[in-house]
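Report on the structure
Below, each chain spelled out in residue letters.
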Amino acid sequence: MKKNRSNPSHIVLTSHPPKDGKIPKITWGAKTLAERGPLIASMADHAASNVIGAYAGAYSVYRAVAVATGELDPLHVPDLHNTSPPVKIGPHEQWFEPGKIVSLDPWGHMVGEAFEDYRQKGLDVRPTIAVTRAHINIPEIHDAMRAGRLKPDGKILKENGDVRVTKAAIDPVWHLPGMAARLGVDEHDLRRSLFENSGGMFPELVTRPDLKVFLPPIGGHTLYFMGDVETIHDPNVPLACRVHDECNGSDVFGSDICTCRPYLCHGIELCIETAQQGGCGLVVYNRKEGRALGEVTKFLVYNARKRQEGGDSAAKYFERTECVAGVQDMRFQALMPDIFHWLGIKKIDRFASMSNMKHDALAQHGIEIVHRIPIPAELIPPDAAVEMEAKKAAGYFVPDPEQVMDEKGLEGVKGRGLDE
Ligand SMILES: [Zn+2]
């Protein structure tokens with residue numbers, strides 16, 4: 001049997017609190033990172049933590065398994081040399097406005113360098129945001145080039161279809177009082193529900209009300225930027241944006257029951273076009289598979305939709321989800337504007353989304369949406385008409401209200417059978 005490599009004699013090295021013996025306090029929303037203080041999720045010594053939970057979101061569970069099997073030394077300290085962002089993001093005024101950012105750490109990309117001294121003292125302070133650069137190359141952009149809609153400029157879009165991007169990965173960091181206020185629930189009730197519905201995974205949620213920050217074991221966000229990231233908050237620089245919630249079936253595998261990948265690619269096209277015109281493009285990719293219900297629930301719903309009497313129909317689209325999941329949606333778009341506040345964005349010129357929920361969440365947070373861009377009709381796969389017409393009837397943005405079907409019309413929109 002493998003044995004984990006934990007060595008008790010090393011614990012002092014990685015978990016010893018600062019000389020005064022106190023664990024640094026967190027002042028959420030403070031104007032400087034020094035005043036805000038480091039978030040410490042010490043996995044080697046819980047007593048040295050000032051947050052609940054562990055780093056790396058959902059992957060913290062794999063980390064635990066790697067420690068259990070002896071693959072990973074639990075006392076390993078990351079070497080953060082050369083890992084800092086290639087661009088400057090913030091601070092922006094939104095970082096200090098109470099209640100504006102509650103679900104991520106706006107300083108998360110800066111803590112590696114800023115708190116190196118704490119790290120040297122053995123306190124576990126790690127970045128929750130990483131920013132890097134990449135080239136992406138996807139078939140739909142080649143299609144847009146062939147059709148003459150996009151032209152290579154050698155900078156943002158190259159002749160070979162490479163798109164130069166900056167990208168950021170963000171792990172969730174929840175400020176529990178702010179989170180409760182945003183969702184309109186009592187903080188104690190939220191903590192208790194998180195504790196009970198995770199099978200009691202984090203007792204500190206209920207035993208340590210003094211710890212206000214929680215690193216939940218869930219998926220985070222990935223951002224793709226086209227153009228100059230450092231001007232993205234400037235309202236005079238046009239911004240195109242797609243806010244996309246993960247759909248593995250369509251995004252990666254090209255499943256045709258929804259419009260996810262076609263709309264994502266259309267959004268990327270708009271972002272490239274806007275960046276080429278001197279603006280910026282931003283794709284926000286949220287790990288909220290199947291409306292945050294998960295893929296197992298999603299596939300159960302697909303079966304229920306396609307097996308129901310009369311077949312898959314736009315008229316029964318939402319009902320089938322609710323039968324299986326108990327709700328239609330668990331994405332909590334009310335939290336989504338945090339990303340925009342992190343970037344200091346106040347205006348989106350071209351919003352590649354028809355979702356009323358996303359639009360309303362941004363509008364409620366004072367982010368102006370100038371134009372909403374529907375997915376071009378020719379990009380909607382035939383089997384996805386059920387979802388599209390159901391969403392339009394439920395409040396999705398359509399430029400022409402005449403396009404919204406009545407109940408009878410919706411009954412006529414049918415999807416493919418399960419065995420076809
Ligand atoms: Zn989808």
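Residues numbered from 1 in each chain as written. Predicted model: local features only at pLDDT ≥ 70, side-chain atom pairs only at ≥ 80, totals over all residues. Heavy atoms only, no water.

Let us look at the packing of aromatic side chains. Under the criterion given, the structure shown has eight aromatic pairs. Taking 4.9 Å as the distance between ring centres and 85° as the angle between the ring planes, the aromatic pair formed by W95 and W107 counts as edge-to-face. Placement of the pair is W95 in the loop between helix 3 (60–68) and helix 4 (111–114) and W107 in the loop between helix 3 and helix 4, with a sequence separation of twelve residues. The same class applies to W95 and to W107, which are both buried. Note on F115 and Y118: the rings are 5.3 Å apart at their centroids and 80° apart in plane angle, and the pair reads as edge-to-face. An aromatic cluster is defined as three or more aromatic residues linked by ring pairs; in this entry it consists of W95, F96 and W107. K121 extends its terminal NZ or CZ atom over the ring of Y118, reaching a point 5.1 Å from the ring centre. The cationic tip of R242 hangs over the ring face of Y263; the distance from NZ or CZ to the ring centre is 4.3 Å. (Phe/Tyr/Trp six-rings, centres within 6.5 Å; stacked < 30°, edge-to-face > 60°. Helix = DSSP H or I, 4+ residues; strand = E, 2+ residues; numbered from the N terminus. Buried < 20%, exposed > 50% of the residue type's maximum accessible area, 1.4 Å probe, protein only. Lys NZ or Arg CZ within 6 Å of the ring centre and 35° of its normal.)

Restricting attention to buried positions, one finds in helix 14 (residues 317–325) the residues Y317, F318, R320 and T321. Looking straight down helix 14, one finds that the buried residues subtend no more than 160° of arc, so they occupy a single side. Contacts from the buried residues of helix 14 go to helix 12 (289–292), helix 13 (295–307) and helix 17 (385–393). At the C-terminal side of helix 14, G326 shows a positive phi close to 90°. (Arc of directions from axis to C-beta. Contact = heavy atoms within 4.5 Å.)

A few words now on the coordination of the zinc ion. Donor atoms from the polypeptide that bind the zinc ion are C247 (SG), C258 (SG) and C260 (SG), placed at 2.2 Å. Counting residues between consecutive donors of the zinc ion along the chain gives the motif C-x10-C-x1-C. Summarising the burial analysis for this pair, C258 and C260 share the class buried. (Donors = N, O, S within 2.8 Å, 3.2 Å for Na, K, Ca; no water.)

All right, on to the confidence of the model for the protein chain then. On average, residues of the protein chain score 93 in pLDDT, and 95% of them are at 70 or above. Scored below 50 in pLDDT, residues 7–19 shows 23 contacts in the model against residues more than four places distant or in partner chains. (pLDDT = per-residue confidence, 0-100.)

A word on the UniProt feature "domain: GTP cyclohydrolase II" (unreviewed entry) in the protein chain. Residues annotated in UniProt with the feature "domain: GTP cyclohydrolase II" (unreviewed entry) correspond here to residues 221–374. Within the segment residues 221–374, helix and strand shares are 40% and 19% respectively, and the terminal C-alpha atoms sit 23 Å apart. (UniProt positions renumbered as here; feature names shortened; annotations may be inferred.)

By size, the foremost hydrophobic cluster in this structure holds 40 residues, and its most contacted members are L223, L282, F340, W342, L343 and I348. Within the residue set of this core, elements represented by two or more residues are strand 2 (129–136), strand 3 (163–170), strand 6 (221–226), strand 7 (239–245), strand 8 (280–286), helix 15 (338–343), strand 9 (347–351) and helix 16 (356–364). If you tally residues by element for this core, the top one is helix 15, at four residues. Discounting residues that sit within four places of it in the chain, I348 has contacts with L239, C241, F340, L362, I367, E368, I369, V370 and H371. The next biggest cluster of nonpolar side chains, apart from the first, holds 30 residues, and it includes A134, V163, M226 and M388. (Core = buried A, V, L, I, M, F, W, Y, C linked by side-chain atoms within 4.5 Å.)

The peptide bond linking G90 to P91 adopts the cis configuration, its omega dihedral lying at 0°. Despite not being glycine, R291 has its phi angle at roughly 55°, a positive value. Mapping R291 onto the fold places it in helix 12. Phi at A292 is positive, roughly 65°, even though this residue is not glycine. By the element assignment, A292 lies in helix 12. By relative accessible area, A292 is classed as partly exposed at 28%.

This next bit is on the sheet that holds strand 1 (residues 52–53). With mixed pairing, three strands are arranged side by side in an open sheet as 1-5-4. At either end of the open sheet lies a strand with only one pairing partner, and these are strand 1 and strand 4 (174–175). Pairing between strand 4 and strand 5 (residues 213–215): two bridges, direction antiparallel. Among the inter-strand pairings, W174 is bridged to a residue of strand 5, identified as F214. (Pairing = 2+ DSSP bridges.)

The strand order 2-3-6-8-7-9-10 describes an open sheet built from seven strands, whose pairing is mixed. The sheet terminates laterally at strand 2 and strand 10 (368–372), the two strands that pair on one side only. Ignoring strand direction, the axes of neighbouring strands in this sheet form an average angle of 25°. Direction of pairing for strand 6 relative to strand 8: antiparallel, over a ladder of six bridges. The partner of M226 across the bridge, within strand 8, is G281. Helix 11 (residues 260–276) contacts strand 3, strand 6, strand 7, strand 8 and strand 9 of the sheet and is inclined by roughly 160° relative to strand 7. (Axes fitted to C-alpha atoms, helices over the stretch in contact; angles between N-to-C directions.)

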